[in-house]
Amino acid sequence: MATLSEVAKMAGVTTATVSNVLRNPSKVKPSTIKRVKAALAATGYRPNLMARALSEGKSSMVAIVVPNIVNPYYPEFVRIAERVARQRKYFLMVCNTDEQAEIGRAYIKQISGTLADGVLVLHTGISATEILELRGGRRSPLVLASVETTDFPDSVPQVVVDFRLAGKIAGQHLIELGHRQIGVIVGNGCDGTHSLRLEGFQDALADAGVGPDHRDVGYVLDSIAGGYQTVCELIEANPALTAIYATNDLLAYGATQALADRGIAVPEAMSIVGVTNIQLTQEMRPPLTTVSLEEVATASVNLLLDMIEDPEHQPTLVRVSDPQLIVRQSTARVRRRQLKRV
């Protein structure tokens, strides 16, 4: 691999001039820039980014810590985050914890301020107290994204989604379609139960005068298999169900598969609605009605980069736009013969 000195020798300039062409071209005459670029091309020189990071104290790298890269929500989040970071001249490093909090702690301790100028954290299962401790004494910022729990103080930079409203929107949609016997599949990721999504759904039922029936609520780890198994248990416990609300789309996908295997048509015999609006929802048959969570990735990366570029930037709590209902073909008005199905 060519060195900076070799490029400088070929171009007939100093190494400092080559560095300026790479980093501060406004300081160099156009004719010199042209000569140096020709030498760079001829030698195939590539900057040593690690050496630059050590010398400048800045890596132009940010890290994102995700709990489960297999869950389609996170690759889609990462895709948007990478695009935003790239547009702002940063690289993105992806760290997967396999839903183990200790791995998340290790990543934050080891890469924050060393390999990465800042860290974006999604659903690590790390408590608010630990997050505050991990942030203590660090120059590089840490931002929590897609925050679902309510115990993080406002002093921790975070991007918050109104998950309670997401659940309420899903519930209101099913109520408006005439459904009253509704089963609920509640995901339980490493941050704990999707309690706000359940509470919002129950708010919608209460507003409509429908009392919650805890026999029709199943709790499960977020997975297709979890959605599949839980919907089977729900319909066995209450054959009169006409609709299913799943607190994320992965669970809804598993539930739809189980219903198909049992010969229960969606939405003719059973409506189903999810939350998050991952790409998979459009590929399902029928396409899934869901509650979309917009702007989370974009807002999260921009907050982190703003804090990196302006060290005086104070920790901020950012609330993204309200969730929006995306109506597709998996929900329909309740039918009389559904009510008689036992």
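Model, not experiment: these values are computed from the prediction. (Residues numbered from 1 in each chain as written. Predicted model: local features only at pLDDT ≥ 70, side-chain atom pairs only at ≥ 80, totals over all residues. Heavy atoms only, no water.)

Participant: Give a detailed account of the packing of aromatic side chains, specifying residues and quantitative values.
Facilitator: The description of an aromatic ring pair rests on the distance of the ring centres and on the angle between the ring planes. With the rule as written, the count across this model stands at 3 aromatic pairs. Taking 5.2 Å as the distance between ring centres and 85° as the angle between the ring planes, the aromatic pair formed by Y73 and Y74 counts as edge-to-face. The exposure classification of Y73 matches that of Y74, with both residues buried. Centre to centre, the rings of Y73 and F77 are 6.1 Å apart; their planes meet at 50°, and the pair counts as tilted. Residue Y73 and its partner F77 are both found in helix α5 (residues 73-87); the two are separated by 4 residues, about one turn of the helix. Across this residue pair, the class does not change: Y73 and F77 are buried. (Phe/Tyr/Trp six-rings, centres within 6.5 Å; stacked < 30°, edge-to-face > 60°. Buried < 20%, exposed > 50% of the residue type's maximum accessible area, 1.4 Å probe, protein only. Helix = DSSP H or I, 4+ residues; strand = E, 2+ residues; numbered from the N terminus.)

Participant: If you had to explain the nonpolar core to someone new, which residues and values would you point to?
Facilitator: Among the nonpolar cores identified, the biggest contains 49 residues, and I64, F77, L120, L122, Y245 and V296 are the most heavily contacted of them. Broken down by element, this core gets its largest block of residues, 9 residues, from helix α13 (residues 296-309). Leave out the neighbours within four places in its chain, and V296 touches Y73, F77, S146, V159, V161 and V320. Formed by 21 residues, the second largest nonpolar core is a distinct cluster that contains I185, A252, A255 and M270. (Core = buried A, V, L, I, M, F, W, Y, C linked by side-chain atoms within 4.5 Å. Contact = heavy atoms within 4.5 Å.)

Participant: Requested: an account of unusual backbone geometry, with residues and values cited.
Facilitator: The residue after V266, namely P267, is reached through a cis peptide bond having omega 5°. Here P267 shows up in the loop between α11 (249-261) and β10 (271-276). The amide bond that connects R285 to the next residue, P286, takes the cis arrangement and shows omega of 0°. Its location among the elements puts P286 in the loop between α12 (280-283) and β11 (289-292). One non-glycine residue, T276, lies in positive phi territory at about 120°. Looking at where T276 falls in the secondary structure, it is placed in strand β10.

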